[in-house]
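# Examination of the molecular architecture
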Amino acid sequence: LLAASPSRFFPALPASPSSPSFPLRVLELGSGTGLVGLTAAAVLSRLGVGARRGAEVVLSDGGDEPQAVLDNLRENVAANEGAIGGGVSVRVGRLDWRDYVPLLEEGSSAPDAEERFDVLLGTDLVYERGQATLLHAAAAGLLRFPSSASTSSTSRPTFWLALPLRPTHADENAEVASLFPSPSLMMGAPPASHVRRIDPASGTTYRLVAVEREELLGPSGFAAARAGAGRAGRGGAAAMGELRYCVLRIEWKEVP
């Protein structure tokens, strides 16, 4: 999706090279092997975004035993250096979503504006109860607030979240839907205080809202079980299973 429709996922470039601009900052949450973040960096490099305004892509992971994951991420970044350049920098960092829960509960706006990101990317991040709350806290602390110049859908700060719709994870997906609701579900119902954030620069109160939802069919990552099929070793590689996914476009929405 990133490679096929890059203009959908990344903020619009300035109208001219002389237009005031700041480096585009992209963060992948829960990177794992870094496939999504590295793809984003390669796409931005091919588009010349780095040459025109500069771009930084951060691959992050954390949790209880992050070191092996981070070491592997750094190796993958080094292995793909040839596909990335032209003013696009890529770095790896440890990020524990749990660190953002106290900030959210206290109403803090940390981190500072210059430390926030224009685009957050996340894929298959919620597979246990309670993880959606941690993810929401991190997203609220890391996504840049809109500015008066953020008028088009391609210039507003955005969190792109892709979720596999596994039947076994219905409760987890319901948590995501409650924390990142569609605008229609917010009509007449003021948001709870713990899901609101105040932009210290403007004093505006915002909530993260899923303004767009798309469902699509893609590979599950696992071999499909087929009746009467032999083992892959005897009958060739097993066919890849399919799974339905949803892609959420999450943005800040001003609330009372």
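Below, the structure is looked at part by part. All of these numbers come straight from a predicted model, not from anything done at the bench. (Residues numbered from 1 in each chain as written. Predicted model: local features only at pLDDT ≥ 70, side-chain atom pairs only at ≥ 80, totals over all residues. Heavy atoms only, no water.)

Turning next to the pattern of salt bridges. Oppositely charged side chains are able to pair whenever their charged atoms sit close together. In this structure the tally under the stated criterion is 14 salt bridges. As a salt-bridge pair, Arg144 and Asp118 come within 2.9 Å of each other at their nearest N and O atoms. Here Arg144, found in the loop between α6 (131-142) and β5 (158-164), pairs with Asp118, found in the loop between α5 (101-106) and β4 (119-123); they are 26 residues apart in sequence, far enough to count as distant. Put simply, Arg129 and Glu175 hold a salt bridge, and the shortest N to O gap is 3.4 Å. One end of the pair, Arg129, is in the loop between β4 and α6; the other, Glu175, is in helix α7 (residues 170-179), and 46 residues separate them in sequence. According to the relative accessible area criterion, Arg129 is exposed, its value standing at 55%. Since its relative accessible area comes to 16%, Glu175 is described here as buried. Here the residues in one salt-bridge network are Arg8, Glu212 and Glu214, joined through shared partners. (Salt bridge = Lys/Arg side-chain N within 4 Å of Asp/Glu carboxyl O. Helix = DSSP H or I, 4+ residues; strand = E, 2+ residues; numbered from the N terminus. Buried < 20%, exposed > 50% of the residue type's maximum accessible area, 1.4 Å probe, protein only.)

The subject of this paragraph is unusual backbone geometry. Within the chain, Asp124 stands out as a residue other than glycine whose phi angle is a positive 55°. Inspection of the secondary structure puts Asp124 in the loop between β4 and α6. The exposure class of Asp124 is partly exposed, given its relative accessible area of 28%.

As a further point, take the packing of α6 against α7. Direction vectors running N to C along α6 and α7 enclose 35°, while the axes themselves pass 8 Å from each other. The two elements α6 and α7 cross, and the hand of that crossing is right-handed. Facing Ala132, Thr133 and His136 of α6, the residues of α7 in contact are Glu175, Val176 and Leu179. Of the residues assigned to the contact of α6 with α7, the class counts are three nonpolar, two polar and one charged. (Axes fitted to C-alpha atoms, helices over the stretch in contact; angles between N-to-C directions. Left-handed = near helix turned anticlockwise from the far one by under 90°. Contact = heavy atoms within 4.5 Å. Nonpolar A, V, L, I, M, F, W, Y, C, P; charged D, E, K, R; others polar.)

For the rest of this paragraph, the subject is the pairing of β4. Along any regular strand the residues' side chains alternate between the sheet's two faces. Burial runs high along β4: four of the five residues are buried. Across four bridges, the pairing between strand β1 (residues 24-29) and β4 is parallel. Of the residues in β4, the one forming a bridge with Leu29 is Gly122. As paired elements, β4 and β5 share five bridges and run parallel to each other. When the bridges of β5 are listed, Val119 appears paired with Thr158. (Pairing = 2+ DSSP bridges.)

What follows is about the packing of aromatic side chains. Within this structure, the stated rule accounts for five aromatic pairs. Positioned over the ring face of Phe117 is Arg25, at 4.1 Å from the centre of the ring. (Phe/Tyr/Trp six-rings, centres within 6.5 Å; stacked < 30°, edge-to-face > 60°. Lys NZ or Arg CZ within 6 Å of the ring centre and 35° of its normal.)

So, about the sheet that holds strand β7 (residues 205-223). Across a sheet, paired strands are connected by hydrogen bonds in the backbone, their directions being either parallel or antiparallel. The strand order across the open sheet formed by eight strands is β3-β2-β1-β4-β5-β8-β7-β6, and the pairing between neighbours is mixed. Unpaired on one side and paired on the other, β3 (88-94) and β6 (196-198) mark the two borders of the sheet. Taken over all neighbouring pairs, the strand axes of this sheet differ in orientation by 20° on average, direction set aside. Summarising the sheet, β7 and strand β8 (residues 240-254) pair through 14 bridges and their orientation is antiparallel. Residue pairing in the sheet places Glu215 in a bridge with Cys246 of β8. Against the sheet, helix α2 (residues 35-47) makes contact with β1, β2 (55-61), β3 and β4, and its axis sits at roughly 175° relative to β2, the strand it touches most. Against the sheet, α7 contacts β5, β7 and β8, and its axis sits at roughly 160° relative to β5.

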